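Read off the chains here:
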Amino acid sequence: MKVLKTEKLSKNFNDIKVLEEINLYVNKGEFVSVIGPSGCGKSTLFKLITGLIKEYEGEVFVEGTESRSYKSPIAYMPQKDLLLPWRTLYENASLPLEVSRKSRESFKERIMPLIKEFGLEGFEDCYPGELSGGMRQRGALLRTFLIESDLMLLDEPFGALDAITRMDMQEWLLEIWRKHNHSILFITHDIDEALFLSDRLYVMTGRPGSIDLEIKVNEPRPRRREVLFGEKYMEHKRNILKVLKK
Ligand SMILES: Nc1ncnc2c1ncn2[C@@H]1O[C@H](COP(=O)(O)OP(=O)(O)OP(=O)(O)O)[C@@H](O)[C@H]1O
Ligand SMILES: [Mg+2]
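Cut-offs and rules
Residues numbered from 1 in each chain as written. Chains lettered and ligands numbered in written order. Predicted model: local features only at pLDDT ≥ 70, side-chain atom pairs only at ≥ 80, totals over all residues. Heavy atoms only, no water. Domains from an automatic or database assignment. Contact = heavy atoms within 4.5 Å. Buried area = accessible area lost by both parts, 1.4 Å probe. Salt bridge = Lys/Arg side-chain N within 4 Å of Asp/Glu carboxyl O. Polar contact = N/O pair within 3.5 Å; in protein donor to acceptor, adjacent residues only side chain to side chain. Helix = DSSP H or I, 4+ residues; strand = E, 2+ residues; numbered from the N terminus. Nonpolar A, V, L, I, M, F, W, Y, C, P; charged D, E, K, R; others polar. Pairing = 2+ DSSP bridges. Axes fitted to C-alpha atoms, helices over the stretch in contact; angles between N-to-C directions. Donors = N, O, S within 2.8 Å, 3.2 Å for Na, K, Ca; no water. Buried < 20%, exposed > 50% of the residue type's maximum accessible area, 1.4 Å probe, protein only. Core = buried A, V, L, I, M, F, W, Y, C linked by side-chain atoms within 4.5 Å.

## Re the domain arrangement of the protein
(1) Moving on: Taken domain by domain, the protein holds domain 1 (2-74 + 151-244) and domain 2 (82-148).
(2) Moving on: A straight line from the C-alpha centre of domain 1 to that of domain 2 covers 25 Å.
(3) Moving on: Listed per partner, the contact involves 14 residues of domain 1 and 12 residues of domain 2.
(4) Moving on: Of the roughly 1,100 Å² buried between domain 1 and domain 2, counting both surfaces, carbon and sulfur atoms make up 76%.
(5) Moving on: When residues of domain 1 are sorted by the area they lose upon contact with domain 2, Met152, Met169 and Trp172 head the list and together hold 35% of the total.
(6) Moving on: The interface formed by domain 1 and domain 2 holds 1 salt bridge in total.
(7) Moving on: Among the salt bridges present, the one from Glu117 reaches Lys179, with a minimum N-O distance of 3.7 Å.
(8) Moving on: In this structure, the connection of domain 1 to domain 2 is made through 2 residue pairs in polar contact (both at pLDDT 80 or more).
(9) Moving on: Among the elements of the structure, strand S7 (151-155) and helix H6 (163-180) are those that each provide at least two residues to the side of domain 1 that touches domain 2.
(10) Moving on: By residue number, the principal contributor to the side of domain 1 that touches domain 2 is H6, which donates 6 residues.
(11) Moving on: Class assignment of the residues belonging to the side of domain 1 that touches domain 2 gives a composition of 10 nonpolar, 3 polar and 1 charged.

Structure follows, in C-alpha cells:
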C-alpha cells in the first residue's frame, strides 16, 4: 500500500517554476530518500505534502486521501528544526501532545520511554543549550516521533552534524525505524547517506526541480557501512553524480 503518492506535483513562486511534475511514492514501511542540489525545491516539496503550502498544481495523496482533505497530522521535521530554548527537553517533547488535547498525565507515559530509547535519559530537564548537537537532533526527532503518524518527513535531519556523529545517527535512525515500522521520506544532500539508509531514492535536478532518476537499493538489512565501497554502490554513485553534474 502507498502511504504517500504525488501526481504531477508542480509549484510556482512568483511566476518562477520551482517544482515540475513530481511523481513519487512511499510504500508502507519503506525508507525513501530525495537527494538533490541546494535550491532544487526539496523543502518546498515537503511543505506541499504537509499542506503548509496549499496552492499547487497536481495532487498529493496521503494514505489514499487527497492531502487537502487528509485530517490527521503528518510527522514532519523541518530543516533546521530548533528546540525551543526556553523549554527543557521534556517540555519540548511534550509540544505535539499539548496540541493533541490529551491529558497531561498521559504525556509522561508516552514521552519517558522514548527519552530512554533515544538515548536521552537523565537529560529530560536540560535546556537545549545544555545538550550536544547530536542530542538536540535526537530531541527534535523524538518530538517528531510523538506525532502519531505512520508517514514521517525528515528534511536533512543530520545536515548540521559532524561526519562521525552523523554516521552514528544514521545507524541509530535505522534501528528506530526498524522497531517502529514507520514509512519515511528523507531529504539529504549526501549521496552516501541516501544510499546507506534507503530502500529507494529519487535524484532531483534544479530549475525547475524535477526527478531525473530513481534508484532501488537492493541491499539486505542490517547493512554494514562497508557496502558503500562495493561495486554495486559505486555504480549507483556514478549514476547519481551523472545526474547531479548535468
Ligand atoms: N516562500 C517562498 N517564496 C518564494 N520563493 C521561494 C519560497 N520558498 C522557496 N522559494 C524558492 O524556491 C526554490 C526552492 O527552495 P527550497 O527551499 O525548496 O530548496 P531546497 O532544495 O530545500 O534547498 P536546500 O537544499 O538548500 O535546503 C528556491 O529558489 C527558493 O528561493
Ligand atoms: Mg531545503
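## Let's talk about the sheet that holds strand S3 (residues 31-35)
(1) Moving on: Sheet architecture is open: 6 strands sit in the order S6-S7-S8-S3-S9-S10, paired in mixed fashion. The sheet terminates laterally at strand S6 (75-77) and strand S10 (210-216), the two strands that pair on one side only. The sheet shows a mean angle of 15° between the axes of neighbouring strands, direction not considered.
(2) Moving on: Here S3 pairs with strand S8 (residues 183-188) via 5 bridges, running parallel. Note that in S8 the partner of Ser33 across the bridge is Phe186.
(3) Moving on: In this fold helix H8 (residues 231-244) packs onto strand S9 (200-205) and S10, with an angle of close to 180° to the strand it touches most, S10.

## Comments concerning the coordination of the magnesium ion (ligand 2)
(1) Moving on: Only Ser43 (OG) and Gln79 (OE1) from the protein coordinate the magnesium ion (ligand 2), and they sit 2.0 to 2.2 Å from it. Residue Ser43 is located in helix H1 (residues 42-50), and its partner Gln79 is located in the loop between S6 and helix H2 (89-93); the two are separated by 36 residues in the primary sequence.

## Things to note about the environment of Phe186
(1) Moving on: The residue Phe186 is located in strand S8 in this model.
(2) Moving on: Residues Phe186 and Glu156, 30 residues apart in the sequence, show an inter-C-alpha distance of 7.0 Å.
(3) Moving on: Setting aside residues no more than four positions away along its own chain, Phe186 makes contact with Phe31, Val32, Ser33, Val34, Phe46, Leu154, Pro157, Phe158, Leu173, Glu193 and Leu197.

## A closer look at the pattern of salt bridges
(1) Moving on: Scanning all chains against the criterion turns up 19 salt bridges.
(2) Moving on: One salt bridge in this structure joins Arg200 and Glu30, with 2.7 Å as the shortest N-O distance. Of this pair, Arg200 sits in strand S9 while Glu30 sits in the loop between strand S2 (16-27) and S3, and the two are 170 residues apart along the sequence.
(3) Moving on: Exposure remark for Arg200: the relative accessible area of 2% places this residue in the buried category.

## Topic: the nonpolar core
The tendency in soluble globular proteins is for nonpolar side chains to be buried as a group.
(1) Moving on: Within the largest apolar cluster, 50 residues are counted, with the highest numbers of intra-cluster contacts made by Phe118, Leu141 and Leu201.
(2) Moving on: Of all the elements, H6 adds the most residues to this core, at 6 residues.
(3) Moving on: Formed jointly, this core draws a minimum of three residues from each of two domains, domain 1 (2-74 + 151-244) and domain 2 (82-148).
(4) Moving on: Those residues within four positions of Leu201 in sequence are excluded, and the remaining contacts are Ser33, Ile35, Ala194, Leu195, Leu213, Glu214, Ile215, Val217 and Ile240.
(5) Moving on: Membership of the second largest hydrophobic core comes to 27 residues, among which are Val3, Ile53, Ile74 and Tyr76.

## Brief notes about the pairing of S2
(1) Moving on: Pairing of strand S1 (residues 2-13) with S2 involves 8 bridges; the strand directions are antiparallel. Paired with Leu4 across the bridge in S2 is Val26.
(2) Moving on: In this antiparallel pair of consecutive strands, S1 and S2, the connection spans 2 residues, and Asn14 shows a positive phi of 45°.

## Description of the sheet that holds strand S5 (residues 65-66)
The strands that make up a sheet pair up through hydrogen bonds in the backbone, lying either parallel or antiparallel.
(1) Moving on: Pairing is antiparallel across the open sheet formed by 4 strands, whose spatial order is S2-S1-S4-S5. Since the sheet does not close on itself, it has two edges, and those belong to S2 and S5, each with one partner.
(2) Moving on: Where S1 meets strand S4 (residues 57-62), 5 bridges bridge the pair, whose relative direction is antiparallel. When the bridges of S4 are listed, Glu7 appears paired with Glu59.
(3) Moving on: H1 contacts S1, S2 and S4 of the sheet and is inclined by roughly 115° relative to S1.

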